[in-house]
Amino acid sequence: MQTFDLEAEGLRALNASLHALKGDTNTTAWEIINPRGSHAIAVGVDAPLDITVRGSTGYYCAGMNKLATIRVAGNAGPGVAENMMSGTVIIDGDASQYAGATGRGGTLVIKGNAASRCGISMKGIDIVVHGNVGHMSAFMAQSGNLVVCGDAGEALGDSLYEARLFVRGSVKSLGADCIEKEMRPEHVELLRDLLVRGDCDADPSEFRRYGSARKLYNFDIDNASAY
Amino acid sequence: MNDHSPKIPQTLPRQSATFTNEINSEIRRAAATGIYDIRGGGAKRRVPHFDDLLFLGASVSRYPLEGYREKCTTNVTLGTRFAKKPIELAIPVTIAGMSFGALSGAAKEALGRGATLAGTSTTTGDGGMTEEERGHSKTLVYQVLPSRYGMNPDDLRRADAIEVVVGQGAKPGGGGMLLGQKITDRVAEMRTLPKGIDQRSACRHPDWTGPDDLEIKILELREITGWEKPIYVKIGGTRPYYDTTLAVKAGADVVVLDGMQGGTAATQDVFIEHVGIPTLACIRPAVQALQDMGLHREVQLIVSGGIRTGADVAKAMALGADAVAIGTAAMVALGDNDPHWEAEYQKLGTTAGAYDDWHEGRDPAGITTQDPDLAARLDPIAAGRRLRNYLSVLTLEAQTIARACGHNSLHNLEPEDLCALTVEAAAMARLPLAGTNWIPGAGGY
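Residues numbered from 1 in each chain as written. Chains lettered and ligands numbered in written order. Predicted model: local features only at pLDDT ≥ 70, side-chain atom pairs only at ≥ 80, totals over all residues.

Chemist: So what exactly am I meant to see when it comes to the overall build of chain B here?
Modeler: Within chain B, the secondary structure is distributed over 15 helices and 16 strands. Relative to the compact-globule value of 22 Å for 445 residues, chain B shows a C-alpha radius of gyration of 23 Å, a close match. Viewed in the frame of its principal axes, chain B has a C-alpha envelope of about 80 × 65 × 45 Å. Out of the 445 residues belonging to chain B, those deemed buried represent 56%. Sequence separation of 24 or more characterises 67% of the internal contacts of chain B that already satisfy a separation of 6 or more. (Helix = DSSP H or I, 4+ residues; strand = E, 2+ residues; numbered from the N terminus. Rg over C-alpha atoms; globule rule 2.2 N^0.38 Å. Buried ≥ 20, exposed ≤ 12 C-beta atoms within 10 Å, placed from the backbone. Contact = placed C-beta atoms within 7 Å.)

Chemist: What exactly am I supposed to notice about the overall build of chain A here?
Modeler: When helices and strands are tallied, chain A shows three helices and eleven strands. Ordering the α and β elements of chain A from the N terminus gives β-α-α-β-β-β-β-β-β-β-β-β-α-β. Relative to the globule expectation of 17 Å for 227 residues, the C-alpha radius of gyration of chain A, 18 Å, shows essentially globular dimensions. Along the first, second and third principal axes, the C-alpha atoms of chain A reach 60 × 35 × 30 Å. A buried classification covers 55% of the 227 residues belonging to chain A. Long-range pairs, those at least 24 residues apart, make up 25% of the contacts in chain A with a sequence separation of at least 6.

Chemist: Sorry, what's going on with the sheet that holds strand β11 (residues 208–212) of chain A here?
Modeler: Across a sheet, strands are paired by hydrogen bonds formed along the backbone, either parallel or antiparallel in direction. Residues and elements named next belong to chain A. With mixed pairing, the eleven strands of this open sheet are ordered in space as β1-β2-β3-β4-β5-β6-β7-β8-β9-β11-β10. A strand with exactly one partner marks an edge of an open sheet, and here the two such strands are β1 (2–5) and β10 (178–181). Strand-to-strand twist across the sheet, computed as the mean angle between neighbouring axes with direction ignored, equals 15°. As paired elements, β1 and strand β2 (residues 29–33) share four bridges and run parallel to each other. Along β2, the bridge assignment pairs Asp-5 with Ile-33. (Pairing = 2+ DSSP bridges. Axes fitted to C-alpha atoms, helices over the stretch in contact; angles between N-to-C directions.)

Chemist: When you look at the interface of chain B and chain A in this model, what are you seeing that I'm missing?
Modeler: Interface size, as often reported, equals the accessible area lost upon joining of the parts. Between chain B and chain A, the residue contacts involve 21 residues of the former and 36 residues of the latter. If one sorts the elements of the side of chain B that touches chain A by residue count, helix α6 (residues 210–224) of chain B sits on top with five residues. Grouping the amino acids of the side of chain B that touches chain A by side-chain chemistry returns eleven nonpolar, five polar and five charged. (Nonpolar A, V, L, I, M, F, W, Y, C, P; charged D, E, K, R; others polar.)

Chemist: When you look at the nonpolar core in this model, what are you seeing that I'm missing?
Modeler: Side chains of a nonpolar character, in soluble globular proteins, are inclined to be buried together. By size, the foremost hydrophobic cluster in this structure holds 198 residues, and its most contacted members are Val-147 of chain A together with Val-255 and Val-324 of chain B. Among the elements that take part in this core, helix α9 (residues 279–292) of chain B stands out by supplying eight residues, more than any other. What Val-324 of chain B contacts, discounting residues up to four positions off in sequence, is Pro-92, Val-93, Ile-302, Val-303, Ser-304, Ile-307, Val-313 and Ala-316 of chain B. (Core = buried A, V, L, I, M, F, W, Y, C linked by C-beta atoms within 7 Å.)

Chemist: What is the right way to look at the pairing of strand β12 (residues 254–258) of chain B in this model?
Modeler: Regular strands place their side chains on alternate faces of the sheet. Residues and elements named next belong to chain B. Among the five residues that make up β12, five are buried, leaving the element largely enclosed by the rest of the structure. Where burial is concerned, the two faces of β12 agree: the one with Val-254, Val-256 and Asp-258 and the one with Val-255 and Leu-257 are both buried. Relative to β12, strand β11 (residues 231–236) runs parallel, the two sharing five bridges. Bridge pairing in β12 places Tyr-232 opposite Val-254. Note that the unit made of β11, helix α7 (residues 240–249) and β12 has a crossover that is right-handed. Where β12 and strand β14 (residues 300–304) come together, five bridges link them in parallel fashion. When the bridges of β14 are listed, Val-254 appears paired with Gln-300. (Right-handed = clockwise from strand over helix to strand, strands pointing away.)

The values are spatial; any link to function lies outside them.
Here it is as structure tokens:
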């Protein structure tokens, strides 16, 4: 395993080292120590690496990740795994706002809670949150799945497109055009797979499904008051 | 009661200057539909502009350069502050961001071809990067917009520069709009949206708010791209002194400043005409901000919004811009609003020169459409050549003016070369009114 002391060697050296690794590298296991809340840790990785960050991170950790498995053994700052393309990002603690924003693929697992706007504008990513999510989560979510094992805050799924939302606990309120939908067997199976990938032993039958009513997809003056 | 006898001279019918025929027609349209008017383009109202400025030229106090013999350089380097690979352009006129989706694939290709032939850059838009434009653009600027449609690290790395779009002049504070007629299979796939919906982009970025966050966002983009690419920050013309200051403090290599005449693919007419300030009013405060930070020319300023002629290019640069960007003018050069299609414009209830329903996708010129039959009307090779020719004329015209003012580089043009024709333009551009030494607002009066 490669151990990288971020405090001693610096952010540029870290990301340059990670970017230099191609898909056939044997140097796949990395440990980053002394992150001390630094921003942009392990961003733009494009290789099947296994990276563990020992401590909490600042903004945009694992941003635009492709292929790598990145674990934060601590809490993550805003925008963790933003625009992730593929791979897996695991946060052992809590995640700040915009977790998984605009993510296009891969799986983001948050073992603790996620703050507001979790999964904002998500475009295909799967997000599994073991705890609660804050207000405006899945705002304008276009595609992918958001699983919330705890409670969801206000205006869940506001202006939602085709993303699927699963919540086990309470939902404080639904956003514009977001409705509860029938949980059919295929959704239970999908959720079961998501929970397995999210390292979560929750029972899929305890969840409710939410999605778009698709009433605001096209302009209609009679819907103007919905916003 | 008035006497309408034929023997009595009659007062001519008087139209209201407040309730004009145009205003009344909009009231009737609104009453019939219950929804605001949506259109493309920039502000159409008359505002103080470059036409209200004049160059003084050379005489006894300054001597000119020979128009056909002495060199006047036009090249510009953008991104010299932090980027390892600044971009080098042969001319200081760039092509502004316009999306695939708003424009056809052939139109994007034509923009790339024309820009490349002229030695300048073109820019993606709110829809991601297409192969057409990457393949035909030697220098391509990749926009990072609030929607993040099509955003991915591979395209970030394929780009020559990155432009974080905070706002644009036509709709500062507003997001993009693309109606269902233009959300075809390909556009829908690129944007990860259902086909045929009315797409309304976000106006705020999903993962940052405010200048402190922007600084970190720029750091992330630099780290992903190895600090190679120049990072632009594009702002709409609202509070140019403060917005320029904050963009630079956030780490921008280049500030792109777009006045209210700058176009959009589609938004509300009321937004276009009533939010934001004219391009002319933007430039001096932005340059002042750069000068106050000691970074004028180190952080480059690109000005856009209503650039039409080489005179406009020269005036923007004399006021302190390093380069300009064109959007609407580039579309016209490709063939937009060409009288050749007048009969079809008439069928759409408009006329050549006034057509602005770009969002409807029925563009007779085949530029602002996703209809394959209409799009096939635009030959990207021929249109690219027209754009190249137009860019060449802009450059030659600007050089003509610069030489007449005694400068061997467009970048040596300066405010002292200019005067203003109106008090308003003098105040906005901080120039003396022609024939006087009076700069309104300067010196406390």
